[in-house]
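Read off the chains here:
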Amino acid sequence: MKNYIFLSFLLIFGASACSVPNLFGNRDNEGSIENLSCSNNDFGPTPYSQSSSKKLHLHSIKSSSASSIKRDTKLFSLIDLNCVSKKGLTSQFKSLGRVEIERSKISSASKMKIPFSIESLNLASDVSVHSLENIAQKDSCIKYIEEDIQLDLYATPNDPQFSQSRHLTALSMPEAWDFFYHPTQGINQTVVVAVIDSGGDVDHPDLDANKWVNTDEVAGNLTDDDGNGYVDDVNGYNFVSNIGDPNPQAGNKHGTFVTGIIASRHNNSVGTAGMMGQYIQIMHLNASGATASVSNSAANQAIIYAVNNDADVINMSFGAPQDSPVMRTNVENAVAAGVFLVAAVGNAGELLTSSNLAVPASYAAAIDGFISVGAILSDDDSYAFFSNYSSYYVEIMAPGGENLSSGIYTTTPGSDPINSYERTFGTSMAAPVVSGAAALAIAYLKSRGTSYTPAQIEDLLKNSSVTSTNLSGKVQNCRALDVIELSQSLQ
């Protein structure tokens, strides 16, 4: 699919191609062997394809019809709200247990970009796999029922020796910012990046100025003012605790690490700088609650929320090896709605294949407008030993550390403008570097009045990347992010 999509771009953008020739470039052939050592056939993994038409997707329970699903099994469903508003759920599905859908979600479904809802299914009693599958198949409003799992946050543990961060210098970001923030020809439009993670420190002194604000919601009045089904979602939402405050709980720092890499404020005499420190708003979406991992059901709710609240980019620095049809559906719908997606590929140092996935990142290779990110060390652009790798499933590399003893310097929860920073490693840190680069490109295009699609943003990132033969077999076509080339490709 990726090899032929540029034909449709020519049809869509025909006239504007004259004023901005080759702005998005020709889609590079993902299967090209122009550079044999950097072709996508180094390991030849079979691309993942979703083949099952079943609506019920279980992880810890055998799928045989005789198997029983216990009452306390954590299940969630992907529900079509437009369908529910017209015909409602079947009585058989309702009889399974308690499923509560906010009336405001149903009434506003026609206005949503993704008119779906993620709802917990609390079983009233044990039920057989066969019975649950049959009930789901007979209810056209139910797209999937899935057993909930926890998705790992992709950061490696800190080490006391880690010190000094140089990834911004390695990427020549000051030079790139001269272009993107040119006083007369640079960015003047704001971009919204949704960070689905453990929650970011909304009031951090280096992040406060760049937080997203839902102007249709009144803070602290315990009312769903904008009727979107979420109470007090002023800066985002906590989808695990079901509260409007998206700040991290139980000391979880991961989301604040990620947010700082993307959007630490520029020129505020505080701390460090993010990839994009001005004209950016971070939508904080907490999918961890008080746990150290991300809930799959909460992550899916967050994707739908981000799209329906006009995010331009979604960063996902988490994943798991289990396939998730609900996740696959939601990332496809997000891209179709015009949102660019970025996901980390994980830190096991393993080859990703069709039988060794990192979901959601493993879906990206087959979805135009969704990019998967592995990690390099920025001091010498070498492969980071902890990063998962694949010449198919990993689409681009970016700094996830600086060398073997120095991590990415970024924000950590706290109010101290001097000490609320740490150094950390992981593909979780590489993904927001790419999200920040994508946000710069999107904001620049918006400021020029140039329309774009998520697939074209992916093209810009890939076609402007640097080729490094020492990444052969680790990433598609040996690609690593090059922000200077990205800026030049937009000129």
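Counting from 1, residues in each chain are numbered in the order their sequence is written. pLDDT decides what is reported in this predicted model: residues at 70 or higher carry local features, side-chain atom pairs at 80 or more are listed and counted, and totals for whole chains, interfaces and linings draw on all residues regardless. With hydrogens and water excluded, all non-hydrogen atoms of the structure serve as input to the side-chain values.

> Whenever I open this one, the environment of glycine 97 confuses me. Can you help?
Turning to its location among the elements, glycine 97 is positioned in strand 4 (residues 97–98). Only protein chains enter the area calculation, which uses a 1.4 Å probe; residues under 20% of their type maximum are buried, those over 50% are exposed, and those in between are partly exposed. The exposure class of glycine 97 is buried, given its relative accessible area of 17%. Taking the C-alpha atoms as reference points, glycine 97 and serine 125, separated by 28 residues in sequence, lie 7.7 Å from one another. Once residues lying within four places of it in the same chain are set aside, the contact partners of glycine 97 are Asn122, Leu123 and Ala124. Secondary structure elements follow DSSP: runs of H or I no shorter than four residues count as helices, runs of E no shorter than two count as strands, and numbering proceeds from the N terminus. Contact definition: two residues touch when any of their heavy atoms are within 4.5 Å.

> Can you walk me through unusual backbone geometry in this structure?
In terms of backbone geometry, most residues other than glycine have negative phi values and most peptide bonds are trans. The omega torsion across valine 359 and proline 360 is 20°, close enough to zero to call that bond cis. Along the polypeptide, proline 360 turns up in the loop between strand 15 (340–344) and strand 16 (370–377). Even without glycine at this site, tyrosine 279 takes up a positive phi of about 55°. Mapped onto the elements, tyrosine 279 comes out in the loop between helix 9 (254–263) and strand 11 (280–286).

> Help me out: how do you make sense of the state of the cysteines in this one?
Throughout this description, disulfide means a covalent bond between two cysteine sulfur atoms. Two cysteine sulfurs form a disulfide in these notes if their separation is within 2.5 Å. Taken as a whole and judged by the stated rule, the model has one disulfide. Note on cysteine connectivity: cysteine 83 is disulfide-linked to cysteine 141, with sulfurs 2.0 Å apart. Taking the torsion about the S-S bond as the criterion, the cysteine 83 to cysteine 141 disulfide, at about -75°, is left-handed. Here cysteine 141 lies in the loop between helix 6 (129–138) and strand 7 (142–147) and cysteine 83 lies in helix 3 (residues 81–87), a separation of 58 residues in the sequence.

> Is there a simple way to think about helix 6 in this case?
Think of an α-helix as turning once every 3.6 residues; residues three or four places apart then point the same way. Regarding helix 6, the residues found buried are Val129, Leu132, Glu133, Ile135 and Ala136. Viewed along the axis of helix 6, the buried residues span an arc of 165°, placing them on a single side of the element. Here the arc refers to the directions that run from the helix axis out to each C-beta atom.

> How should the packing of helix 10 (residues 296–308) against helix 11 (residues 325–336) be read in this particular structure?
How two helices sit against one another is set out by the angle between their axes and by the gap between those axes. For helices, the fitted line uses only the C-alpha atoms of the stretch in contact; every axis is such a line through C-alpha atoms, and the angle between N-to-C directions lies from 0 to 180 degrees. Two elements in contact, helix 10 and helix 11, have axes separated by 10 Å at closest approach and are oriented at 15°. Accordingly, the angle class assigned to the pair helix 10 and helix 11 is roughly parallel. Between helix 10 and helix 11 lies a crossing of left-handed hand. Across the interface between the two elements, Asn296, Ala299, Asn300, Ile303, Ile304 and Val307 from helix 10 touch Val326, Met327, Asn330, Val331 and Ala334 from helix 11. Polar here means any residue other than Ala, Val, Leu, Ile, Met, Phe, Trp, Tyr, Cys and Pro, which are nonpolar, and Asp, Glu, Lys and Arg, which are charged; Gly is therefore polar. Among the residues making up the contact of helix 10 with helix 11, the classes are represented as eight nonpolar, three polar and no charged. Roughly parallel means an angle under 35 degrees; roughly antiparallel, over 145; roughly perpendicular, 65 to 115; everything else is oblique. Helix crossings get a hand from a simple test, with the near helix turned counterclockwise from the far one by less than a right angle marking a left-handed crossing and a clockwise turn marking a right-handed one.

> Is there a simple way to think about the pattern of salt bridges in this case?
For side chains of opposite charge, pairing can occur when their charged atoms come near one another. Counted as salt bridges are all cases of a side-chain nitrogen of Lys or Arg within 4 Å of a carboxyl oxygen of Asp or Glu. Applying the stated criterion across every chain, the model contains 10 salt bridges. We note a salt bridge from lysine 446 to aspartate 312, for which the minimum N-O separation is 2.9 Å. Here the residue lysine 446 occupies a position in helix 12 (residues 427–448), and aspartate 312 occupies one in the loop between helix 10 and strand 13 (313–316), the gap between them amounting to 134 residues. We classify lysine 446 as partly exposed; its relative accessible area is 30%. Exposure remark for aspartate 312: the relative accessible area of 9% places this residue in the buried category. Among the charged side chains, a network of salt bridges with common partners joins Asp203, Asp208 and Lys211.

> Looking at this model, I keep getting lost on helix 8 (residues 173–180). Mind explaining?
Among all positions of helix 8, only Met173, Ala176, Trp177, Phe179 and Phe180 are buried. Taken down its axis, helix 8 places every buried residue within 155° of arc, on the same side. Contacts made by the buried residues of helix 8 are with helix 7 (167–170), helix 12 and helix 14 (483–489).

> Would you explain the environment of histidine 59 in this entry?
In this structure, histidine 59 sits in the loop between strand 1 (56–57) and strand 2 (68–69). Since its relative accessible area comes to 24%, histidine 59 is described here as partly exposed. Setting aside its immediate chain neighbours within four residues, histidine 59 contacts Glu146, Glu147, Ile149, Gln322 and Asp323.

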